[in-house]
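Chain by chain, the residues run as shown.
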Amino acid sequence: MEDLQRKIRSFTTVSDADMKFALQFYKKESVAKGSFLLKPDQYIDSFYFMKEGCVTYYTVDEGISQVMEFFTEGYFFTDLYAYIQEVPSHAYLEVMEDSTLYTISKKDVEKIFDYSHQLERFGRLSMQKAFINNFQRIHQIKNISNQERYLELLEKRPSLFQRVPQYLIASYLGLTPVGLSKIRKRLSKEAI
């Protein structure tokens, strides 16, 4: 659980005693490729930390998938809106490769926040980061060219291109698979 401890402490200082208290509530879980942590109309009561693997967070509207995020090693994740509002989800959390997660229930999250100001601060800061990430993603889709979004993803998260199908990367970038293919082809010609 050292990776989980490091991630929590990357947000704020947490004493060893508070960390020990918090970690007792996290359950290690192995999930197989192709399984779902969440489907539409289900409630979500868990928050996850990705130790190893990849989960795709997406919606389907009129038969078209829209990938919102890929959660890989070191990410905390859930369907945040459904989790906070305690409403049925509209999204999928699909496991893209055999994965190892640490899972904590909402009830246990509340226990650790009540127990320690440091842990509650971690929770607030991690939620703020999730909000900022969502805002930045919307900004990118609206204000950055398709090619720039592709290049930025390639620079920041190159392993995704070996881990998930290209059509999902295209969806994440707000492109069609053909559009992504054209960008890749144009860039390969420019490199020659």
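Okay, so let's go over this structure. Residue positions are given per chain, counting from 1 as you read along its sequence in written order. A pLDDT threshold of at least 70 governs which residues receive local features in this predicted model, and a stricter bar of 80 or more applies before side-chain atom pairs are shown or counted, although totals over entire chains, interfaces and linings include all residues. Excluding hydrogens and water, the side-chain values take into account all heavy atoms of the structure.

Considerations on the overall build of the chain
Put simply, the rule reads: Under the DSSP-based scheme used, a helix requires at least four consecutive residues in state H or I and a strand at least two consecutive residues in state E, with every element numbered from the N terminus. Every radius of gyration here is taken over C-alpha atoms, with the globule rule written as 2.2 Å times N^0.38, N being the number of residues. Three exposure classes are used, based on accessible area relative to the maximum for each residue type with a 1.4 Å probe and protein chains only: buried under 20%, partly exposed in between, and exposed over 50%. In what follows, residue pairs with any heavy atoms lying within 4.5 Å of each other are defined as contacts. Per-residue accessibility takes into account occlusion by the displayed protein chains alone, with areas from the Shrake-Rupley method and a 1.4 Å probe. All tallies of charge rest on Lys and Arg as positive and Asp and Glu as negative; His and the ends of each chain are not included. For charged residues, the charge sits on one atom: NZ in Lys, CZ in Arg, CG in Asp, CD in Glu.
Of the regular secondary structure elements, the chain holds nine helices and six strands. Rg of the C-alpha trace for the chain: 18 Å, near the compact-globule value of 16 Å for 192 residues, within the 12% margin. The 192 residues of the chain split such that 43% are buried. Partitioning the intrachain contacts of the chain with sequence separation of at least 6 by distance along the chain shows that 71% fall at a separation of at least 24. Here the chain has roughly 11100 Å² of accessible surface; of this, 52% comes from carbon and sulfur atoms. Of the side chains in the chain, 26 bear a positive and 25 a negative charge, and the two mean positions are spaced by 5 Å.

Quick look at a nonpolar patch on the surface
The cut-off we apply is this: Without a salt bridge and with relative accessible area above 30%, a residue can belong to a patch; like charges are then joined within 9 Å and nonpolar side chains (Val, Leu, Ile, Met, Phe, Trp, Tyr) within 5 Å. Just to be clear on terms, a salt bridge is a Lys or Arg side-chain nitrogen sitting within 4 Å of an Asp or Glu carboxyl oxygen.
Together, Phe 131, Ile 132 and Phe 135 give the surface a local cluster of nonpolar side chains, amounting to about 360 Å² of exposed area. Relative to the helices and strands, Ile 132 resides in helix α5 (residues 117–143). Exposure remark for Ile 132: the relative accessible area of 44% places this residue in the partly exposed category.

Some points on the layout of surface pockets
Inclusion rule: Only protein atoms enter the 1 Å grid, on which a cavity is a set of points fitting a 1.4 Å probe that cannot get out and a pocket is an open set with protein on both sides within 12 Å along at least 5 of 7 lines, lining residues being those with an atom within 4 Å of a point. Grid points are joined across faces, edges and corners, and a volume is the space filled by probe spheres set on the points. Asp, Glu, Lys and Arg are counted as charged, while Ala, Val, Leu, Ile, Met, Phe, Trp, Tyr, Cys and Pro are counted as nonpolar; the rest, among them Gly, fall into the polar class.
Counted as a void, the largest pocket has a volume near 1200 Å³. The greatest single-element share of the lining of the largest pocket, amounting to 11 residues, is contributed by α5. Residue classes in the lining of the largest pocket are distributed as 20 nonpolar, 10 polar and nine charged. There is about 200 Å³ of room inside the second largest pocket. Take the lining of the second largest pocket: its biggest share by element is five residues, from helix α4 (residues 106–115). Class assignment of the residues belonging to the lining of the second largest pocket gives a composition of 11 nonpolar, two polar and two charged.

Structural notes on the environment of Glu 29
Counting through the fold element by element, Glu 29 comes out in strand β1 (residues 27–31). When the C-alpha positions of Glu 29 and Tyr 102 are compared, they lie 6.1 Å apart, and in sequence the two are 73 residues distant. In this structure, Glu 29 is in contact with Ser 99, Thr 100, Leu 101 and Thr 103, ignoring residues within four places of it in sequence.

Here's the deal with the side chain of Gln 140
Within the secondary structure, Gln 140 is located in helix α5. Among residues more than four places away in sequence, those in contact with Gln 140 are Arg 149 and Glu 152.

Side note on the pattern of salt bridges
In total, this model carries eight salt bridges according to the counting rule given. Linking Glu 86 and Lys 106 is a salt bridge whose minimum nitrogen-to-oxygen distance equals 3.1 Å. A residue pair is termed long-range when its members are at least 10 positions apart, and Glu 86 in the loop between α3 (80–85) and β6 (92–105) and Lys 106 in helix α4 qualify at 20 residues. Judged by relative accessible area, which is 54%, Glu 86 ranks as exposed. Judged by relative accessible area, Lys 106 falls into the buried class, the value being 13%. Lys 111 is the salt-bridge partner of Asp 108, the closest N and O atoms lying 3.4 Å from each other. Of this pair, Asp 108 and Lys 111 both sit in helix α4, three residues apart, which is roughly one turn of that helix. Classification of Asp 108 by relative accessible area gives buried; the value is 11%. The class for Lys 111 is partly exposed, based on a relative accessible area of 37%. When salt bridges with common partners are traced through the structure, they connect Glu 73, Glu 97 and Arg 163 into a single cluster.

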